[in-house]
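Take a look at the letters that make up each chain.
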Amino acid sequence: MSTHTYPACCEKDNGSALGTNATLSSPISADGTPVIGEVYTVPARCGRAVRLKKGQVIRIINTPGSQVCDTWLFNSADLSEFSSMEHTRAFIDKIIPQPGDALVTNQRRVIGTLLTDTSPGVHDTLIAACDLYRYSNMGITEYHDSCADNMRLALNAIGLRAREVPQPLNLWMNTPVNPDYTISWLPTVSKAGDYVEIRAELECIVVMSACPQDIVPINGCNPQDVHFSVSE
Ligand SMILES: [Zn+2]
């Protein structure tokens, strides 16, 4: 168990970052609106938020092949509605979405459709975003970048705030459930340049975090950049 104390938050929710990094000062634009066709970077260990109109498609690219990208879709009109993996699993009768499958919200509305996946299709929908508590439990005694804070900071960077950190769609994270129901933590099986494409079925904010996990080898212990672009 962690014996750390953490900064007291003024809000009685889970929406405040527990530290900061470059995510906060480097949004793609003031309100997250993208230039169509431009390729943006999610720098290693950081997060980015991008605003999608209904029907637009985001391509998220695993540039090194070895990187996990935690991904969320928030209803831009109401950030308390978001892509929910537990609701998605029930909706699609699968634990990993495949091309053609919907991503649904905690209100069981379709917020996105996974259109394309050039990778072998190994992703995770079971594991919480890494957060400062996770790193503290692993013995880290100073601030460590985390996907939870990257999500909070990426939203803050475009003037938004969510009250919680939903369980993300962990793109390319290879944490299979074994026949005895244990979970393994393994490197990705994707190759450099693999990408997924997700079509927005609601106006939404997509948040991505290039996972900074450098202790458990899900990123080969070497977090790297991923990239994304938006098309109409
Ligand atoms: Zn992470």
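Residues numbered from 1 in each chain as written. Predicted model: local features only at pLDDT ≥ 70, side-chain atom pairs only at ≥ 80, totals over all residues. Heavy atoms only, no water.

Caption draft 1: A look at the nonpolar core. Of all hydrophobic cores here, the largest spans 27 residues; its most connected members are V50, L52, I58, I60, V206, M208 and F228. For this core, the leading source of residues is strand β9 (residues 204–210), giving 4 residues. Apart from the residues lying within four places of it in its own chain, the contact partners of V206 are R48, A49, V50, L52, I58, T71, W72 and L73. (Core = buried A, V, L, I, M, F, W, Y, C linked by side-chain atoms within 4.5 Å. Buried < 20%, exposed > 50% of the residue type's maximum accessible area, 1.4 Å probe, protein only. Helix = DSSP H or I, 4+ residues; strand = E, 2+ residues; numbered from the N terminus. Contact = heavy atoms within 4.5 Å.)

Caption draft 2: Region of interest: the coordination of the zinc ion. Coordination of the zinc ion by the protein comes from C130 (SG), C147 (SG) and C211 (SG), over a distance range of 2.2 to 2.3 Å. Between consecutive donors of the zinc ion, the numbers of intervening residues give the motif C-x16-C-x63-C. On the criterion of sequence distance, the pair formed by C130 in the loop between β6 (110–117) and α2 (132–137) and C147 in helix α3 (residues 147–157) is long-range, its members being 17 residues apart. Taking the relative accessible area as the measure of exposure, C147 reaches 0% and is therefore buried. (Donors = N, O, S within 2.8 Å, 3.2 Å for Na, K, Ca; no water.)

Caption draft 3: A look at α3. Among the 11 residues of α3, 10 are classified as buried, and the element is accordingly described as predominantly covered. At the C-terminal side of α3, G159 shows a positive phi close to 80°.

Caption draft 4: Seen up close, the sheet that holds strand β3 (residues 57–62). Reading across from one edge, β1-β10-β3-β8-β6-β5 is the order of the 6 strands in this open sheet, with antiparallel pairing throughout. Two strands bound the open sheet, and with one partner strand each, they are β1 (40–42) and β5 (102–104). The sheet shows a mean angle of 30° between the axes of neighbouring strands, taken without regard to direction. When β6 meets strand β8 (residues 194–200), the two strands line up antiparallel, connected through 5 bridges. Following the sheet pairing, T113 is matched in β8 by R199. The sheet strands contacting helix α1 (residues 85–92) are β5 and β6, and the helix crosses β5 at an angle near 135°. (Pairing = 2+ DSSP bridges. Axes fitted to C-alpha atoms, helices over the stretch in contact; angles between N-to-C directions.)

Caption draft 5: Local environment of the pattern of salt bridges. Counted under the stated rule, the structure contains 9 salt bridges. Measuring nitrogen to oxygen at the nearest pair gives 3.1 Å for the salt bridge that ties D214 to R45. Residue D214 is located in the loop between β9 and β10 (226–231), and its partner R45 is located in the loop between β1 and β2 (47–52); the two are separated by 169 residues in the primary sequence. Judged by relative accessible area, which is 26%, D214 ranks as partly exposed. (Salt bridge = Lys/Arg side-chain N within 4 Å of Asp/Glu carboxyl O.)

Caption draft 6: The arrangement of empty space enclosed by the protein in detail. Evaluation of the coordinates by the stated rule reveals 1 cavity of 30 Å³ or more. Roughly 30 Å³ of volume is contained in the largest cavity. Every residue along the wall of the largest cavity is listed here: T23, S26, P27, I28, G47, R48, A49, A154 and A157. Residue assignment for the lining of the largest cavity shows that the elements contributing at least two residues are β2 and α3. With 3 residues, the top contributor of residues to the lining of the largest cavity is β2. Looking at side-chain class alone, the lining of the largest cavity contains 5 nonpolar, 3 polar and 1 charged residues. (1 Å grid on protein atoms, 1.4 Å probe; cavity = no way out; pocket = protein on both sides within 12 Å on 5 of 7 lines; lining within 4 Å. Points joined across faces, edges and corners; volume = space filled by probe spheres on them. Nonpolar A, V, L, I, M, F, W, Y, C, P; charged D, E, K, R; others polar.)

The quantities given are spatial measurements derived from coordinates; they are silent on function.
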